[in-house]
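# Fold and geometry: a report
What follows is the residue order along each chain.
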Amino acid sequence: MSRELNDTEVATITIFLSVERLTAYTQLTGSNREAIALHQQVLQVGTSLMAVIAVVEIALRNAVCERLSQHFGSPDWLRNPPAPFSWRRSEGGKVLDAEKSARRAAYSKLSQAEKHALDALAFPAGRPPNLSHSDRAKARQAQIPVSNGKVIAEVTMYFWKRLFSEDYEETLWKTSLRRVFPNKKLRRADVALQLERIYQTRNRLAHHEPVYGRRLAETLTAIQFVAANLGGAYAPGESPLAKLLEDDMERVKEQAAALATRFASFSGTTGSHP
């Protein structure tokens, strides 16, 4: 912390962050003041790590989109994949959710006049009586066309990592997605494992949960795996993605090492994190 908190302020911050959230840190440090400082340091590592994961997620998404666009031969492959291929229920649902989200985003940018103008399309026979504001907005939004790119941008990492699951081994991995990770030594399961680790960490960070110790080490290894294999088979640190992320990865590693040292100063060993 850049400024020292007095005892009253420490008590206030403890309430703001919650006793439950700080419990593990307090048990380790024996002090609410030290627990808060350690909590902040963990969050700083997570913030740096999240920036790296964001780039990996964007790169993965775009590499997959490029490949599947070629594979299906259709610009609308996400929303309307050519038969006989079809999404499983979970992925189909995520696509629909992304489309709705893209429409909501587009709707929020319209003027009131433009929103009212959508009523003619949403209710050609006239607006039903007693229609709630929420239902009216949803009906209007359903009339807004959104591009494939806008929908793709709304699809979550859950969807992209799921495409490398066993469920799509025959229909996507063997027919197309193995070219996204063209190293012939890699199995689909190898890719799926590393993407799952990144995904789980991403979700923890998105909900402001701590990531350190073994989970952090595994995540860094997973990121290095993707960077070394996405789009080609490169020597460690030599891929374009690895070079792009080099400074950010070094920053995370330095912060992680400092965090491990701080943990060790309280526990007496780097292996005794809460």
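Located above this text is the structure these notes cover.
Residues numbered from 1 in each chain as written. Predicted model: local features only at pLDDT ≥ 70, side-chain atom pairs only at ≥ 80, totals over all residues. Heavy atoms only, no water.

This brings us to the overall build of the protein. Within the protein, the regular secondary structure consists of 13 helices and zero strands. Its helices and strands in sequence order give the protein the pattern α-α-α-α-α-α-α-α-α-α-α-α-α, from N to C terminus. Computed over its C-alpha atoms, the radius of gyration of the protein comes to 24 Å, more than 25% above the 19 Å expected for a compact globule of 274 residues. Projecting the C-alpha coordinates of the protein onto the three principal axes gives extents of approximately 70 × 55 × 30 Å. The 274 residues of the protein split such that 39% are buried. Summarising the internal contacts of the protein: among those between residues at least 6 apart in sequence, 70% fall at separations of at least 24. When the accessible surface of the protein is split by element, carbon and sulfur atoms take 51% of a total near 15300 Å². Counting 37 positive and 29 negative side-chain charges, the protein places the averaged centre of each group 5 Å from the other. (Helix = DSSP H or I, 4+ residues; strand = E, 2+ residues; numbered from the N terminus. Rg over C-alpha atoms; globule rule 2.2 N^0.38 Å. Buried < 20%, exposed > 50% of the residue type's maximum accessible area, 1.4 Å probe, protein only. Contact = heavy atoms within 4.5 Å. Areas by Shrake-Rupley, 256 points an atom, 1.4 Å probe, with all protein chains shown as cover. Lys, Arg positive; Asp, Glu negative; His and termini not counted. Charge placed at Lys NZ, Arg CZ, Asp CG, Glu CD.)

Glancing now at the pattern of salt bridges. Summed over all chains, the structure comprises 20 salt bridges. For K243, the salt bridge goes to E238, with nearest N and O atoms at 4.0 Å. Using a relative accessible area of 45% as the deciding quantity, one classes E238 as partly exposed. One network of salt bridges, in which partners are shared, links D76, R79, E99 and R103. (Salt bridge = Lys/Arg side-chain N within 4 Å of Asp/Glu carboxyl O.)

A word on a negative patch on the surface. Side chains of E246, D247, E250 and E254 sit close together on the surface and give a patch of like negative charge. Relative to the helices and strands, E254 is located in helix α13 (residues 240-267). (Patch = residues over 30% accessible without salt bridge, like charges linked within 9 Å, V, L, I, M, F, W, Y side chains within 5 Å.)

We now examine the packing of aromatic side chains. This structure, assessed with the given rule, holds 13 aromatic pairs. Judged by centre distance (5.0 Å) and plane angle (90°), the rings of F159 and W160 are edge-to-face. For W160, a relative accessible area of 1% gives the class buried. Arranged with centres 6.4 Å apart and planes meeting at 25°, the rings of F181 and F225 form a pair that is stacked. Linking F181 in the loop between α10 (169-173) and α11 (188-206) with F225 in helix α12 (residues 213-229), this pair joins segments that are 44 residues apart in sequence. A relative accessible area of 1% places F181 in the buried class. What makes F225 buried here is its relative accessible area of 16%. Positioned above the aromatic ring of Y158, the side-chain terminus of K94 is 5.1 Å from the ring centre. The aromatic ring of Y107 is capped on one face by K115, whose charged end is 4.7 Å from the ring centroid. (Phe/Tyr/Trp six-rings, centres within 6.5 Å; stacked < 30°, edge-to-face > 60°. Lys NZ or Arg CZ within 6 Å of the ring centre and 35° of its normal.)

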